[in-house]
Structures are given as C-alpha cells and as structure tokens.
Amino acid sequence: MRKEIIIFLVILGVFFAVGCVDDEDSDESEPSVPVEEVDNGVAAGAEETGTGTGSDIVKVEIRNYRYIPQNITVKVGQTVMWTNNDTVLHDVVGSGIESDYLQKGEKFTYTFEEEGSYQYICSIHPWMEGEVIVEA
Ligand SMILES: [Cu+2]
C-alpha cells in the first residue's frame, strides 16, 4: 500500500516536471506562430469572395475541418494555395490533385492548366470536400 502511494507521488512529480519544461518550450517557440497566423488570416480574408481575379495565386484556408472557401473559381493557369490552419493533418486529394499530408502552417500549391471542375477531399477526413472550377 505505501509503495503504491510513493509510486503515485513519483509519477505526479514527473508529470509536473514535464509540465514546466513544456511551458518553457512553448514560450520560446511562440513568437514565430502568431506572425504566420496573421499573415494567413489577411491573405485568406482577401479571397473570401472565391474568385481569383487580379491575383495569380488564390488562397484556400483549411480550418475546423473545412476548406474555406469550399468552392472557388479560377482562370486557366492560376495557382491555388491551400494552407492548413488546423492542428490536425489534412491533405488535398482528387481530380488529379494529390498533396502530402499538411501539418499546421504548411501550404500546398497546384496550378490548374485546363478548364473543368476539380473536386477534391481530405483523404484523412473524406467528408471534407472542396471544389475548384477552372474557367478559360
Ligand atoms: Cu483532413
């Protein structure tokens, strides 16, 4: 019985020690994260209308298990850039598109050279759907 209590206290101690180390780590690495998020937020906001007119790169944000905007229309030759803003992995797969797994903050770009409707999903969360319509 006493042994169990001692083991429990030791585990508790380790837990707290790890917690302190984690805090120090996150303090050090934090400055780079907010800058990136602000950047992405502004960029995604600028393309909320879902059209790519006036810019060669159209941005799609992945957030809360959704592609935002879910449907976009671009011109032939335009590039779409997806940015994962979730802490879980996502990807962009379908209609010939195949990204790697994207970690938080990672981007994937794809240039559409032919007219058509390109439907895609996240292979990890197949209910996540998006579409790119490419016009001449
Ligand atoms: Cu996903």
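Residues numbered from 1 in each chain as written. Predicted model: local features only at pLDDT ≥ 70, side-chain atom pairs only at ≥ 80, totals over all residues.

Asker: Got a sec to walk through the overall build of the chain? Specific residues and values, please.
Answerer: Scanning the chain for helices and strands turns up 2 helices and 9 strands. Of the regular secondary structure in the chain, the N- to C-terminal order runs α-α-β-β-β-β-β-β-β-β-β. The buried share among the 136 residues of the chain stands at 20%. Long-range pairs, those at least 24 residues apart, make up 42% of the contacts in the chain with a sequence separation of at least 6. (Helix = DSSP H or I, 4+ residues; strand = E, 2+ residues; numbered from the N terminus. Buried ≥ 20, exposed ≤ 12 C-beta atoms within 10 Å, placed from the backbone. Contact = placed C-beta atoms within 7 Å.)

Asker: So what's going on with the environment of Trp-82? Residues and values would help.
Answerer: If you trace the backbone, Trp-82 turns up in strand E4 (residues 79-84). A residue is classified by how many C-beta atoms lie within 10 Å of it, and Trp-82, with 23 of them, is buried. Sequence spacing of Trp-82 and Lys-59 is 23 residues, and the spatial spacing of their C-alpha atoms is 5.9 Å. Trp-82 has contacts with Val-60, Ile-62, Val-92, Lys-107 and Phe-108, leaving out every residue within four places of it along the chain.

Asker: So what about unusual backbone geometry? Which residues, and what values?
Answerer: Note the cis peptide between Ile-68 and Pro-69, where omega equals -5°. By secondary structure assignment, the location of Pro-69 is in the loop between strand E2 (66-68) and strand E3 (71-75). For Tyr-65, which is not a glycine, the phi torsion comes out positive at approximately 60°. Since 13 C-beta atoms lie within 10 Å of it, Tyr-65 is described here as partly exposed.

Asker: Please provide a residue-by-residue account of the pairing of E4, values included.
Answerer: Bridge count for strand E1 (residues 57-63) against E4 is 6 bridges, and the pairing is parallel. Pairing of Ile-62 across the sheet is with Asn-84, part of E4. As judged from the 5 bridges shared by E4 and strand E7 (residues 107-111), these two strands associate in the antiparallel manner. Residue pairing for E7: Trp-82 is matched across the bridge by Phe-108. (Pairing = 2+ DSSP bridges.)

Asker: I'd like a description of the sheet that holds E4, backed by residues and values.
Answerer: Taken together, 4 strands build an open sheet; the order of strands is E2-E1-E4-E7 and the sheet is mixed. The open sheet has two edge strands, E2 and E7, and neither has a second partner. For this sheet, the mean inter-axis angle between neighbouring strands, taken without regard to orientation, is 25°. (Axes fitted to C-alpha atoms, helices over the stretch in contact; angles between N-to-C directions.)

Asker: Let's hear about the confidence of the model for the chain: which residues, and what values?
Answerer: Of all residues in the chain, 60% attain a pLDDT of 70 or more, and the chain-wide mean is 76. For the stretch residues 5-50, pLDDT sits under 50, and the model shows 15 contacts to residues farther than four places along the chain or on other chains. (pLDDT = per-residue confidence, 0-100.)

Asker: Now, about the nonpolar core: what can you tell me, with residues and values included?
Answerer: Membership of the largest hydrophobic core comes to 16 residues, with the highest contact counts inside it found for Ile-72, Val-74, Val-80, Trp-82, Phe-112 and Val-132. Listed by contribution, the elements that provide at least two residues to this core are E1, E3, E4, strand E8 (116-121) and strand E9 (129-135). Of the residues forming this core, the biggest block, 3 residues, is contributed by E1. (Core = buried A, V, L, I, M, F, W, Y, C linked by C-beta atoms within 7 Å.)

Asker: Tell me what's going on with the environment of Tyr-120, and back it up with residues and numbers.
Answerer: Relative to the helices and strands, Tyr-120 resides in strand E8. Along the sequence, Tyr-120 and Asp-91 sit 29 residues apart, while their C-alpha atoms lie 9.5 Å from each other. Residues contacting Tyr-120, with those up to four places away along its chain left out, are Val-92, Val-93, Gly-94, Ser-95, Ile-97 and Gly-130.

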